[in-house]
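So the chains spell out like this:
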Amino acid sequence: MNPSIARDTPPPQTQEEAAALHKQRLRAELLARRKALTEEDKAAADALIGQRVLHWCAAQAIHSLAVYQPIRREPDLSAAYNALAARGVHLCLPVVVDKQAALEFRAWHPGDALEKDAMGTLVPPAGTAVVRPQALLIPCLGANAAGFRLGYGGGFYDRTLAATPRPLAVGVCHGFGRVEFEAQPHDIALDSVIFDDI
């Protein structure tokens with residue numbers, strides 16, 4: 001064999017590289033499917049997920065919950081947030097304080113003023129009380145049968161769930177987001193996932 005040919009041949013893809021590439025392809029596919037939802041179908045899915053979130057919170061006796069402001073056509077659960085606040089559940093929103101750090105959670109009540117952070121996400125302004133919620137409501141692009149979440153790849157929720165003691169973590173996801181992928185070493189499973197199908 002010609003040595004120069006051997007040197008120019010790329011090394012075999014590692015299992016971890018293959019898993020990461022598979023997740024990247026799934027992200028693109030699921031984002032496209034979410035984008036393609038009609039407004040009517042999206043509204044129906046949002047309402048169903050919101051009702052299931054309310055049932056889950058009641059069953060788990062949740063008194064403090066981190067929620068999220070939707071981006072990229074994530075489920076809009078504002079009606080559920082209003083209902084939770086009316087029940088006396090303390091809500092908060094995640095804030096990215098550093099790209100390699102866990103999320104910070106700032107107290108929030110529906111109607112409170114929000115501002116855009118560096119990534120364009122709406123967050124409570126600096127100086128708002130920082131809290132430690134009992135549970136996290138986490139938007140998912142997809143989730144596998146073992147409860148591992150497919151997000152956008154930033155790792156913020158994984159770093160947050162790596163802390164001790166960790167909060168309860170429930171994902172919300174469209175039914176088409178039930179996918180199979182291999183969890184990577186840094187991935188942390190959710191306690192449960194709420195889908196908009198059976």
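Remember, it's a predicted structure, so these values are computed and weren't measured experimentally.

Enquirer: What is the right way to look at the overall build of the protein in this model?
Expert: The number of helices and strands found in the protein is five helices and 10 strands. If one aligns the C-alpha atoms of the protein with their principal axes, the spans along those axes are about 75 × 40 × 30 Å. Residue burial in the protein is summarised as follows: out of 198 residues, 41% are buried. If you take every contact in the protein between residues at least 6 apart in sequence, the share linking residues at least 24 apart comes to 71%. Accessible surface computed for the protein: about 10800 Å², of which carbon and sulfur atoms make up 56%.

Enquirer: Can you walk me through the confidence of the model for the protein in this structure?
Expert: When the pLDDT values of the protein are averaged, the result is 92; 93% of them are 70 or greater. Below pLDDT 50 for its whole length, residues 1-6 participates in one contact with residues either more than four positions away or in separate chains.

Enquirer: Can you help me understand the sheet that holds strand β10 (residues 192-195) in this one?
Expert: The strands making up a sheet are joined through hydrogen bonds of the backbone, oriented either antiparallel or parallel. Here we have six strands laid out as an open sheet, ordered β3-β2-β1-β6-β9-β10, and mixed in their pairing. Each of the sheet's edge strands pairs with one partner strand only, and the pair in question is β3 (104-108) and β10. Neighbour to neighbour, the strand axes of the sheet diverge by 30° on average, direction disregarded. As defined by bridge partners, strand β9 (residues 168-173) adjoins β10 across four bridges and the pair is classed as parallel. Counterpart to Cys-173 in the pairing with β10 is Phe-195. Packed onto the sheet, helix α3 (residues 39-59) meets β1 (64-66), β6 (135-139), β9 and β10 and runs at close to 145° relative to β10.

Enquirer: I would appreciate a short explanation of helix α4 (residues 78-86) in the present structure.
Expert: Turn by turn, an α-helix covers 3.6 residues, leaving residues three or four places apart pointing in a common direction. Those residues of α4 that sit buried are Ala-80, Tyr-81, Leu-84 and Ala-85. Along the long axis of α4, the arc covered by the buried residues comes to 135°, so they all point the same way. More than 90 degrees from the buried face of α4, the exposed residues found are Ala-79 and Ala-86. At the C-terminal side of α4, Gly-88 shows a positive phi close to 95°.

Enquirer: Sorry, what's going on with the packing of α3 against α4 here?
Expert: When two helices pack together, their arrangement is given by the angle between the helix axes and the distance between those axes. Contact geometry for α3 and α4: axes closest at 8 Å, N-to-C directions at 30°. Looking at the two axes, α3 sits roughly parallel to α4. Where α3 crosses over α4, the two elements pack in a sense that is right-handed. On α4, the residues touching Gly-50, Leu-54 and Cys-57 of α3 are Ala-80, Ala-83 and Leu-84. The residue makeup of the contact of α3 with α4, split by class, is five nonpolar, one polar and no charged.

Enquirer: Which parts of the structure should I look at to understand the pattern of salt bridges?
Expert: Close approach of charged atoms allows side chains of opposite charge to pair. Within the structure shown, the criterion is met by six salt bridges. The closest approach of N and O atoms between Arg-73 and Glu-39, which form a salt bridge, is 2.9 Å. Here Arg-73, found in the loop between β1 and α4, pairs with Glu-39, found in helix α3; they are 34 residues apart in sequence, far enough to count as distant. The closest approach of N and O atoms between Asp-46 and Lys-42, which form a salt bridge, is 2.8 Å. Note that Asp-46 and Lys-42 are positioned in helix α3 at a spacing of four residues, about one turn of the helix. Look at Asp-46 and you get buried, because its relative accessible area is 10%. Look at Lys-42 and you get buried, because its relative accessible area is 9%.

Definitions and limits used
Residues numbered from 1 in each chain as written. Predicted model: local features only at pLDDT ≥ 70, side-chain atom pairs only at ≥ 80, totals over all residues. Heavy atoms only, no water. Helix = DSSP H or I, 4+ residues; strand = E, 2+ residues; numbered from the N terminus. Buried < 20%, exposed > 50% of the residue type's maximum accessible area, 1.4 Å probe, protein only. Contact = heavy atoms within 4.5 Å. Areas by Shrake-Rupley, 256 points an atom, 1.4 Å probe, with all protein chains shown as cover. pLDDT = per-residue confidence, 0-100. Pairing = 2+ DSSP bridges. Axes fitted to C-alpha atoms, helices over the stretch in contact; angles between N-to-C directions. Arc of directions from axis to C-beta. Parallel < 35°, antiparallel > 145°, perpendicular 65-115°, else oblique. Left-handed = near helix turned anticlockwise from the far one by under 90°. Nonpolar A, V, L, I, M, F, W, Y, C, P; charged D, E, K, R; others polar. Salt bridge = Lys/Arg side-chain N within 4 Å of Asp/Glu carboxyl O.

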